[in-house]
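# Tertiary structure, described
What follows is the residue order along each chain.
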Amino acid sequence: MAHQERTFIAIKPDGVQHSLVGEIIKHFEQKGFHLVAMKFLQASQELLKQHYIDLKDRPFFPGLVKYMNSGPVVAMVWEVLNMVKMGQMMLGETNPADSKPGTIRGVFCIQVGRNIIHGSNSVKSAEKEISLWFKPEELVDYKSCAFDWIYE
Ligand code: DAT
Ligand code: MG
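Residues numbered from 1 in each chain as written. Chains lettered and ligands numbered in written order. Predicted model: local features only at pLDDT ≥ 70, side-chain atom pairs only at ≥ 80, totals over all residues. Heavy atoms only, no water.

### A short note on the UniProt feature "domain: Nucleoside diphosphate kinase-like" (unreviewed entry) in the chain
- The feature "domain: Nucleoside diphosphate kinase-like" (unreviewed entry), as annotated in UniProt, sits at residues 4-141 in this numbering.
- Secondary structure content for residues 4-141 is 41% helix and 20% strand, and the end C-alpha separation is 13 Å. (UniProt positions renumbered as here; feature names shortened; annotations may be inferred. Helix = DSSP H or I, 4+ residues; strand = E, 2+ residues; numbered from the N terminus.)

Below, the structure is given as structure tokens:
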């Protein structure tokens, strides 16, 4: 049976404003990621500072928090085999200019400070981010009828 890992994915305020919510979710759904949790909210500065705590000393940190707090986001938890590699492959590079055309950042955005989507980049950061954005009871446990058609 396939070993599943959870990742935290967020459609950032620019992704919401560009009406890309459905389009972005479609990519994960159709690829075969398993949806575990989802909510629509305007994140507080406190939450965002915690979320990006590892970057607190970088010069772009205040602008990053301001941008992420400037409008609503879609926060999600998805489950997939080998989530770090799979997530990076779907999202593209941090800088959209380095992202391949088939990736979400490669197709839908231009600049690093407006890169429309977040995805966890390790199992450890995923666990931290999921517990920051979701309560345990908000994570839904169910079996997808397509599971045996996605995993061998
Ligand atoms: P990622 O979002 O790909 O995990 P990261 O964790 O290094 O990248 O940085 C988090 C976010 O911070 C990134 O999505 C956009 C912003 N950021 C990173 N480097 C930046 C830079 N040099 N200038 C402006 N924003 C930057
Ligand atoms: Mg990161």
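Having put the structure on the table, let's press on.
### Some remarks on the sheet that holds strand β2 (residues 34-41)
- Taken in spatial order, the four strands of this open sheet run β2-β3-β1-β4, and their pairing is antiparallel. Each of the sheet's edge strands pairs with one partner strand only, and the pair in question is β2 and β4 (117-119). Between one strand and the next, the sheet's axes are offset by a mean angle of 20 degrees, whatever the strand orientation.
- As paired strands, β2 and strand β3 (residues 73-81) are joined by seven bridges and run antiparallel to one another. Counted as the bridge partner of L41 is V73 from β3.
- This element, helix α2 (residues 21-31), spans β1 (4-11), β2, β3 and β4 of the sheet and lies at about 10 degrees to β3. (Pairing = 2+ DSSP bridges. Axes fitted to C-alpha atoms, helices over the stretch in contact; angles between N-to-C directions. Contact = heavy atoms within 4.5 Å.)

### Considerations on the side chain of H118
- Among the secondary structure elements, H118 is positioned in strand β4.
- You can call H118 buried: its relative accessible area is 9%.
- Looking at H118, its side chain comes within polar contact range of the side chain of E129, at 3.0 Å.
- Not counting residues up to four positions away in its chain, the partners in contact with H118 are F8, I9, A10, K12, H51, Y52, L91, R105 and E129. (Buried < 20%, exposed > 50% of the residue type's maximum accessible area, 1.4 Å probe, protein only. Polar contact = N/O pair within 3.5 Å; in protein donor to acceptor, adjacent residues only side chain to side chain.)

### Notes on the pattern of salt bridges
- Enumeration according to the criterion identifies five salt bridges in this entry.
- Its salt-bridge partner being E138, residue K39 comes within 3.1 Å of it at the nearest N-O pair. With K39 in strand β2 and E138 in the loop between α7 (123-133) and α8 (147-150), the pair connects residues that are 99 residues apart, well separated along the chain.
- K39 gets classed as partly exposed once you look at its relative accessible area, which sits at 24%.
- In this structure E138 comes out as partly exposed when scored by relative accessible area, which is 27%. (Salt bridge = Lys/Arg side-chain N within 4 Å of Asp/Glu carboxyl O.)

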